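Overview (structure and organization)
Each chain is listed here by its residues.
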Amino acid sequence: MTRSAFLKKYLLKFAVTLAMLGLIVYTFGHAFGISSTGLITDPVHTVTDRQITSGEAYLFRDESVLVSPVKGLSDPLIESGERAGKNLPVVNVYQTTLADEELSAAQHTLNRLNAAISVLESGEPQRGETLLDAENYRAEATASYHAICQSVKRGDIESILSLEEELLVDLNRYLRLTGKQEEQTAVLEALRVQKAALVGSSPLTVTNTLSSGVFYGSDYVDGYERIFSPSVLEGLTAERFAALKLEGARAESSDTAVGKMVYGYSWYAVMELSAAVAPSFRMGDTYSVTFPENKDIVIDLTLESLQMGGDTALAVFRSDTTPSEFLFYRIQTAEITICESEGFYVPSTALHTQNGVEGVDVFEKSMAVFRRIDVLYRGEGYCIVARPEDSDLTELRLNDLLITSAQDLYDGKVYQ
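The paragraphs below set out a description of the structure included in this document. (Residues numbered from 1 in each chain as written. Predicted model: local features only at pLDDT ≥ 70, side-chain atom pairs only at ≥ 80, totals over all residues. Heavy atoms only, no water.)

1. Quick notes on the overall build of the protein chain
Regarding its fold elements, the protein chain presents 5 helices and 18 strands. Among the 416 residues that make up the protein chain, the fraction classed as buried is 37%. Sequence-distant contacts, at least 24 apart, represent 74% of the contacts inside the protein chain between residues at least 6 apart. As displayed, the protein chain offers around 24100 Å² of accessible surface, 53% of which is attributable to carbon and sulfur atoms. (Helix = DSSP H or I, 4+ residues; strand = E, 2+ residues; numbered from the N terminus. Buried < 20%, exposed > 50% of the residue type's maximum accessible area, 1.4 Å probe, protein only. Contact = heavy atoms within 4.5 Å. Areas by Shrake-Rupley, 256 points an atom, 1.4 Å probe, with all protein chains shown as cover.)

2. Topic: the pattern of salt bridges
Taken as a whole, this structure holds 21 salt bridges when the rule is applied. The residue Glu-63 makes a salt bridge to Arg-61 at a minimum N-O spacing of 2.4 Å. Here Glu-63 matches Arg-61 in class, with each residue buried. Of the charged contacts in the structure, one is a salt bridge between Arg-330 and Glu-63, with a shortest N-O distance of 2.7 Å. You can see Arg-330 sitting in the loop between strand 11 (312-319) and strand 12 (331-347) and its partner Glu-63 sitting in strand 2 (residues 46-67), a full 267 residues away along the chain. Take Glu-63: its relative accessible area is 9%, and that puts it in the buried class. Salt bridges sharing common partners tie together Arg-61, Glu-63, Asp-222, Glu-225, Lys-260 and Arg-330. (Salt bridge = Lys/Arg side-chain N within 4 Å of Asp/Glu carboxyl O.)

3. Details of unusual backbone geometry
At Asn-87, a residue that is not glycine, the phi angle is positive and equals roughly 65°. The topology assignment puts Asn-87 in the loop between strand 4 (83-84) and strand 5 (88-95). Residue Asn-87 is classed as exposed on the basis of its relative accessible area of 52%.

4. Focus: the nonpolar core
Grouped together as the largest cluster of nonpolar side chains are 22 residues, with contacts concentrated most on Trp-267, Phe-281, Phe-291, Leu-301, Phe-317, Phe-326 and Ile-336. Of all the elements in the fold, those that place two or more residues in this core are strand 2, strand 8 (257-274), strand 9 (286-291), strand 10 (297-309), strand 11 and strand 12. By size, the runner-up hydrophobic cluster in this structure holds 13 residues, among which are Tyr-224, Tyr-268, Leu-314 and Val-316. (Core = buried A, V, L, I, M, F, W, Y, C linked by side-chain atoms within 4.5 Å.)

5. Details of the side chain of Arg-330
A relative accessible area of 5% places Arg-330 in the buried class. Side-chain polar atoms of Arg-330 contact the side chain of Glu-63, separated by 2.7 Å. When residues no more than four places from it in sequence are discounted, the contact partners of Arg-330 are Ala-57, Tyr-58, Leu-59, Arg-61, Glu-63, Asp-222, Tyr-224, Glu-225, Phe-228 and Lys-260. (Polar contact = N/O pair within 3.5 Å; in protein donor to acceptor, adjacent residues only side chain to side chain.)

6. Some remarks on helix 2 (residues 100-122)
Here helix 2 is 23 residues long and its end C-alpha atoms lie 33 Å apart, about the 33 Å a rise of 1.5 Å per residue gives. Taken residue by residue, helix 2 has Leu-103, Ala-106, Gln-107, Leu-110, Leu-113, Asn-114, Ile-117, Ser-118, Val-119 and Leu-120 as its buried positions. (Expected span 1.5 Å × (residues − 1).)

7. Looking at the sheet that holds strand 5
Reading across from one edge, 3-5-6 is the order of the 3 strands in this open sheet, with antiparallel pairing throughout. Edge positions in the sheet fall to strand 3 (72-76) and strand 6 (204-208), since each has one partner strand and no second. In this sheet, adjacent strand axes meet at a mean angle of 30° when their direction is disregarded. As paired elements, strand 3 and strand 5 share 5 bridges and run antiparallel to each other. Bridging across to strand 5, Leu-73 finds its partner in Tyr-94. (Pairing = 2+ DSSP bridges. Axes fitted to C-alpha atoms, helices over the stretch in contact; angles between N-to-C directions.)

8. Overview of the packing of aromatic side chains
Aromatic ring pairs are reported here in terms of the distance separating the ring centres and the angle at which the planes meet. With the rule as written, the count across this model stands at 14 aromatic pairs. The interplanar angle of 10° and the centroid separation of 4.5 Å between the aromatic rings of Phe-60 and Phe-228 together place this pair among those described as stacked. Here Phe-228 lies in the loop between strand 7 (213-217) and helix 5 (238-249) and Phe-60 lies in strand 2, a separation of 168 residues in the sequence. The exposure class assigned to Phe-60 is buried, which follows from its relative accessible area of 0%. For Phe-228, a relative accessible area of 0% gives the class buried. (Phe/Tyr/Trp six-rings, centres within 6.5 Å; stacked < 30°, edge-to-face > 60°.)

9. Topic: the pairing of strand 12
Along any regular strand, the residues point their side chains to alternate faces of the sheet. With 13 bridges connecting them, strand 2 and strand 12 associate as antiparallel partners. Paired with Tyr-58 across the strands is Ile-331, a residue of strand 12. The pairing of strand 12 with strand 17 (residues 382-385) spans 4 bridges and is classified as antiparallel. The residue of strand 17 that forms the bridge with Val-346 is Cys-383.

10. Side note on the environment of Tyr-220
Inspection of the secondary structure puts Tyr-220 in the loop between strand 7 and helix 5. Taking relative accessible area as the criterion, Tyr-220 reaches 43% and is therefore assigned partly exposed. Distance from Tyr-220 to Val-258, taken between C-alpha atoms, is 9.6 Å for residues 38 residues apart in sequence. Not counting the four nearest positions on each side in its chain, Tyr-220 is found in contact with Ser-80, Glu-225 and Lys-260.

The following block contains the structure:
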């Protein structure tokens, strides 16, 4: 093929291809703020920036273990998490001669029986309820079932246990209101007979003798009750804390422990923090602490004391509230929000000074215009700038076209 024939055949295709490439370059150039002058812009937007530090939190609170004078089956008289007054009976203990492994198996059976009996007793419908209420219970049970499915996908075991009980209670109320009461009553009676045969008779009663508090069953006893007591926090040093952790690692709960009482409302979290972040904390201030192993529950804790020691700082935080769904794992990860800044996001490449004043340039009416800023926080490669409504110094405004990169930039430079 000759050159003229080649051009006649492919010239139009070349022209169309070049036109398309030109359009693509033009479009990308405008989309990303790129021009022949090297000007790159980005609209100013608001962000919330949080500075977080994390570590292991060791939880301390005022607790007393309830101990039975004899080994046997422990049958709580109230639910874990319920308040018990002074001199109130809290646990029945049925003495037995079973060996340790047999006793553990029997206790497990008793716990399951108690759980089933509780579900059936809670499933008693309220006075005056009708078939319309039965449909409501059916809908709530269906909702609990779907919530369980979601918890299974997330691997959230703790939620599954509580949702399972809600599901069973609602289903039992539904069955009783729809004519299945006799069957439910027969099952409940059979469970009570099975329990009576397991525990026998003549229990020994353990009483809460100190003061009013919250009762927890034997499953909650971990051996740290005496070691991680608030009484040891006064004047706590890094050396003493290290000894407490070592002592706690070797702790074992008593084989005659039948539960424990928790007194007062305050509990404490002790953490070893990096010395680099310690100056960010102030005594008496309250910090938002997230517990990722506890459904990401956030609790406000007040800093009680902070002791520096080499590369670490020993911090003691206090809380006077405990969310009902919070699980009191003795040692768990905690993430502390040191500070929170809300303002304009500005990349470091946009920062410069003019006549000793720090600021940025914005693209306005085809020219670069200097805007003064008030920096709240400097991070790696960026900073957070105060909004004009929060600072008299800031001249930068929301949606300004921030110049993040340009060649030979100066205030008043015109761009065509």
